[in-house]
Amino acid sequence: YSGVVILASNLRQNIDEGFLRRIHVIVEFPFPEEHARFNIWRGMFPAEIDRPGDEELLSLAGIFRLPGGSIRNIVVDAAARALGEANGHKPAISLRHLALSIAREYQKLGKPITKGEFGMKFFDWIQAEILMNAKE
């Protein structure tokens, strides 16, 4: 094939060395640092939905080392939770919605949900709404 092919992977270590030698250009996208994650968090919320304040989003960016795609998934899930609870009122995404959605994203990624990482307040919410439901 003489055209241009674009490949993407987050598992470069699983790509065969012989195959890598045949690739002419490799572009690395570094994992976002805390400030970049904060900006990603801020930019993900639809204007029609209220969201937690910047201080809370900065805290999430510092605690949870997540890529932009996961942050997007979390905000979409949290928005769905907020819409489900709106009962005809203007929906508002709360910190609780985000904590539950982060836990759900961790489950999808196969990452452990621990008190140490989430903190007691978040972990209590998660245990009550997600972990207890998974046992039933």
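Residues numbered from 1 in each chain as written. Predicted model: local features only at pLDDT ≥ 70, side-chain atom pairs only at ≥ 80, totals over all residues. Heavy atoms only, no water.

**Student:** Report on the nonpolar core, specifying residues and quantitative values.
**Tutor:** Among the nonpolar cores identified, the biggest contains 30 residues, and W41, L60, L98, F118 and F122 are the most heavily contacted of them. Broken down by secondary-structure element, the contributors of at least two residues to this core are α2 (34-43), α3 (54-63), α4 (68-85), α5 (95-109) and α6 (115-135). When residues in this core are grouped by element, the largest group, 7 residues, is from α5. Not counting residues within four places of it along the chain, the set of residues in contact with L60 comprises W41, L95, L98, I102 and F122. (Core = buried A, V, L, I, M, F, W, Y, C linked by side-chain atoms within 4.5 Å. Buried < 20%, exposed > 50% of the residue type's maximum accessible area, 1.4 Å probe, protein only. Helix = DSSP H or I, 4+ residues; strand = E, 2+ residues; numbered from the N terminus. Contact = heavy atoms within 4.5 Å.)

**Student:** Give a detailed account of unusual backbone geometry, specifying residues and quantitative values.
**Tutor:** For N87, which is not glycine, the phi dihedral falls at a positive 50°. Using a relative accessible area of 66% as the deciding quantity, one classes N87 as exposed.

**Student:** Run through the confidence of the model for the protein, naming residues and quoting values.
**Tutor:** When pLDDT is averaged along the protein, the result is 91; 97% of the residues meet or exceed 70. By mean pLDDT, α6 is the weakest element of the protein at 85, and α2 is the strongest at 97. (pLDDT = per-residue confidence, 0-100.)

**Student:** Outline the side chain of H97, listing residues and values.
**Tutor:** With respect to the helices and strands, the residue H97 is situated in helix α5. Within the structure, the side chain of H97 is placed 2.8 Å from the side chain of E85, a separation counted as a polar contact. Apart from residues lying up to four places away in sequence, H97 is in contact with A78, R81, A82, E85 and A92. (Polar contact = N/O pair within 3.5 Å; in protein donor to acceptor, adjacent residues only side chain to side chain.)

**Student:** Give me the lowdown on the pattern of salt bridges, citing residues and values where you can.
**Tutor:** Taken as a whole, this structure holds 7 salt bridges when the rule is applied. Residue E28 pairs with R12 through a salt bridge whose shortest N-O separation is 2.4 Å. Taken as a pair, E28 in the loop between α1 (17-21) and α2 and R12 in the segment before α1 lie far apart in primary sequence, 16 residues in all. Of the residues examined, E28 reaches a relative accessible area of 54% and is grouped as exposed. What makes R12 partly exposed here is its relative accessible area of 39%. Of the charged contacts, one joins K108 and E105 as a salt bridge, the two residues approaching to 3.0 Å between their closest N and O atoms. Taken together, the residues K108 and E105, both in helix α5 and 3 residues apart, mark about one turn of the helix. Taken together, the shared-partner salt bridges in this structure form one network comprising R42, R51 and D54. (Salt bridge = Lys/Arg side-chain N within 4 Å of Asp/Glu carboxyl O.)

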